[in-house]
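# Coordinates in review
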Amino acid sequence: QQQVKQSPQSLIVQKGGISIINCAYENTAFDYFPWYQQFPGKGPALLIAIRPDVSEKKEGRFTISFNKSAKQFSLHIMDSQPGDSATYFCAASGRQGYGQNFVFGPGTRLSVLP
Amino acid sequence: EPEVTQTPSHQVTQMGQEVILRCVPISNHLYFYWYRQILGQKVEFLVSFYNNEISEKSEIFDDQFSVERPDGSNFTLKIRSTKLEDSAMYFCASSGGGQPQHFGDGTRLSIL
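Keep in mind it's a predicted model, so treat the numbers as computed, not measured.

### Re the overall build of chain B
- In terms of regular secondary structure, chain B is built from zero helices and 11 strands.
- Taking 13 Å as the expected radius of gyration for a compact globule of 112 residues, we find that chain B reaches 13 Å, a close match to that expectation.
- Each of the three principal axes of chain B carries a C-alpha extent, and together these read 40 × 25 × 25 Å.
- Here chain B holds 112 residues, and 46% of them are scored as buried.
- For chain B, long-range pairs separated by at least 24 residues make up 53% of all intrachain contacts whose partners lie at least 6 apart in sequence.
- Element-wise, carbon and sulfur atoms account for 45% of the exposed surface of chain B, whose accessible area totals about 5700 Å².
- Taken together, the 9 basic and 14 acidic charged side chains of chain B have centroids lying 3 Å from each other.

### Remarks on the environment of Asp71 of chain B
Residues and elements named next belong to chain B.
- On the secondary structure map, Asp71 appears in the loop between strand 7 (65–68) and strand 8 (75–79).
- Under the relative-accessibility criterion, Asp71 is labelled partly exposed at 36%.
- A distance of 2.8 Å separates a polar side-chain atom of Asp71 from the backbone nitrogen of Asn74.

### Thoughts on the packing of aromatic side chains
Residues and elements named next belong to chain B.
- Within this structure, the stated rule accounts for 25 aromatic pairs over all chains.
- Ring geometry for Phe32 versus Phe75: centroids 5.5 Å apart, planes at 40°, classification tilted. Taken as a pair, Phe32 in strand 4 (residues 31–37) and Phe75 in strand 8 lie far apart in primary sequence, 43 residues in all. Phe75 matches Phe32 in its accessibility class, with the two residues each being buried.

### Topic: the pattern of salt bridges
- Applying the stated criterion across every chain, the model contains four salt bridges over all chains.
- Note that Asp105 of chain B and Lys42 of chain A form a salt bridge whose closest N and O atoms lie 3.4 Å from each other. Taken together, the residues Asp105 of chain B in the loop between strand 10 (102–103) and strand 11 (107–111) and Lys42 of chain A in the loop between strand 4 (33–38) and strand 5 (45–50) connect one chain to another.
- When its relative accessible area of 36% is taken as the criterion, Asp105 of chain B is described as partly exposed.

Reading the values: the criteria
- Note that residues are indexed from 1 along each chain, following the sequence as it is written.
- To label them, take the chains in the order written and letter them from A, then take the ligands in the order written and number them from 1.
- Predicted model: local features are reported for residues with pLDDT of at least 70 only, side-chain atom pairs are reported and counted for 80 or more only, and whole-chain, interface and lining totals are derived from all residues.
- Where side-chain values are given, they derive from all heavy atoms of the structure, hydrogens and water being excluded.
- The helix count covers DSSP runs of H or I at least four residues long, the strand count covers runs of E at least two residues long, and both are numbered beginning at the N terminus.
- Values of the radius of gyration come from C-alpha atoms, whereas the globule rule sets the reference at 2.2 Å times the count of residues to the power 0.38.
- Partly exposed residues are those whose accessible area sits between 20% and 50% of the maximum for their type, while under 20% is buried and over 50% is exposed, using a 1.4 Å probe and protein chains only.
- Working rule for contacts: check all heavy atoms of both residues, and any pair within 4.5 Å makes them a contact.
- Only the protein chains shown count as cover for residues, with accessible areas throughout obtained via the Shrake-Rupley method and a probe of 1.4 Å.
- The charged-residue count follows a simple rule in which Lys and Arg add positive charge and Asp and Glu add negative charge, with His and chain termini not counted at all.
- The atoms used to mark charge sites are NZ of Lys, CZ of Arg, CG of Asp and CD of Glu.
- Whenever a nitrogen or oxygen atom comes within 3.5 Å of another N or O atom, the pair is scored as a polar contact, on the condition that within protein one atom can donate a hydrogen and the other can accept it, and that pairs from neighbouring residues in sequence are kept only if both atoms are in side chains.
- Centres within 6.5 Å make a pair out of two Phe, Tyr or Trp rings, where for Trp the six-membered ring is used; the pair is then stacked when the planes are under 30 degrees apart, edge-to-face when over 60, and tilted otherwise.
- Salt bridges are identified by distance alone: a Lys or Arg side-chain nitrogen within 4 Å of an Asp or Glu carboxyl oxygen.

Set out below in structure tokens:
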């Protein structure tokens with residue numbers, strides 16, 4: 001019940017295309033869902049996060065869609081660029097992230113072709 | 001922008017030896033965490049620390065592990081007697097109340 005599932009494992013997209021990564025969770029106590037971007041040799045960096053009181057959040061080219069009833073959320077990267085090539089992790093926690101550990105998905109390796 | 005810093009970036013240790021990984025969290029943050037990432041796998045939670053005590057720990061964080069905040073700025077993870085399977089990237093993170101967790105760039109721990 002603590003698991004967060006993530007798909008696909010890897011994704012190849014042409015420059016300018018849309019990258020879509022999906023995550024699903026089971027624990028209904030989760031109420032904070034961040035996405036992290038990780039480049040090789042670096043730590044995860046927060047990209048965007050959502051709480052379940054909204055169904056969508058957009059920041060620049062990055063959008064999270066959230067479906068509370070299905071317990072699913074996804075990351076959309078519009079106009080994907082080669083610089084977006086990285087590993088993306090979804091995560092979930094309870095208590096709106098206040099001091100709570102994050103449960104991470106297994107990650108998606110995104111490659112954006114020039 | 002303030003950041004979490006970790007030292008060393010790479011630590012090589014013989015099996016059975018003790019190792020201490022060091023972190024300087026963001027200065028006004030209240031919650032501190034350690035995670036690990038075995039090569040090619042997901043990030044796994046180890047322990048969280050608040051108000052000078054452990055607030056939560058995972059099954060991975062057994063008696064061989066300990067954490068300490070020895071002064072107002074450092075946060076350390078000690079592995080008492082390292083095993084081969086402890087080889088991983090170890091990430092420190094910190095957060096303020098209601099703020100997202102910020103991660104350091106990690107320490108790569110290699111056990112020989």
